[in-house]
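Next come the chains, spelled out residue by residue.
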Amino acid sequence: MEIVVTGRHMQVSDRFRAHLDEKLAKIPQLAPRVQRVDVVVSHEPNKRQAKACERVEITCHVKGPIVRSEACLDDKYAALDVALDKLMERLRRAQDRKRVH
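Residues numbered from 1 in each chain as written. Predicted model: local features only at pLDDT ≥ 70, side-chain atom pairs only at ≥ 80, totals over all residues. Heavy atoms only, no water.

A. Highlighting a positive patch on the surface. Among the surface-exposed residues, Lys86, Arg90, Arg93 and Arg97 lie close enough to one another that they form a single positively charged patch. As for its position among the elements, Arg93 is in helix α3 (residues 76-100). Relative accessible area serves as the criterion here: at 45%, Arg93 is assigned to the partly exposed category. (Patch = residues over 30% accessible without salt bridge, like charges linked within 9 Å, V, L, I, M, F, W, Y side chains within 5 Å. Areas by Shrake-Rupley, 256 points an atom, 1.4 Å probe, with all protein chains shown as cover. Salt bridge = Lys/Arg side-chain N within 4 Å of Asp/Glu carboxyl O. Lys, Arg positive; Asp, Glu negative; His and termini not counted. Charge placed at Lys NZ, Arg CZ, Asp CG, Glu CD. Helix = DSSP H or I, 4+ residues; strand = E, 2+ residues; numbered from the N terminus. Buried < 20%, exposed > 50% of the residue type's maximum accessible area, 1.4 Å probe, protein only.)

See the structure below:
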């Protein structure tokens, strides 16, 4: 599984990349055919949107439909956790759909 991390309007630290690798290691349990995972971390410089200034987008390129999730919070680690929870739920539902059909 290939993990591509991109930062928009910010630098992605090595600590965050290590945390990301640790969290994304759970994905092959639900989707063993994952080819690539794209993670985009962006920062909104607008002061009026301080509550949602850090955005994390996770896209899984799986054989079949592409599964995507995103979250906006004031902390990038918290946004990563929320986006990962959404992604795991969507992967679980997609796997259940395949099993039923």
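B. Expanded view of the pattern of salt bridges. By the definition in use, this model includes 7 salt bridges. In this structure, the salt-bridge partner of Arg68 is Glu57, at a minimum N-O distance of 3.3 Å. On the criterion of sequence distance, the pair formed by Arg68 in strand β4 (residues 67-73) and Glu57 in strand β3 (residues 54-62) is long-range, its members being 11 residues apart. Taking the shortest distance from any N to any O, the salt bridge between Arg68 and Glu70 comes out at 3.1 Å.

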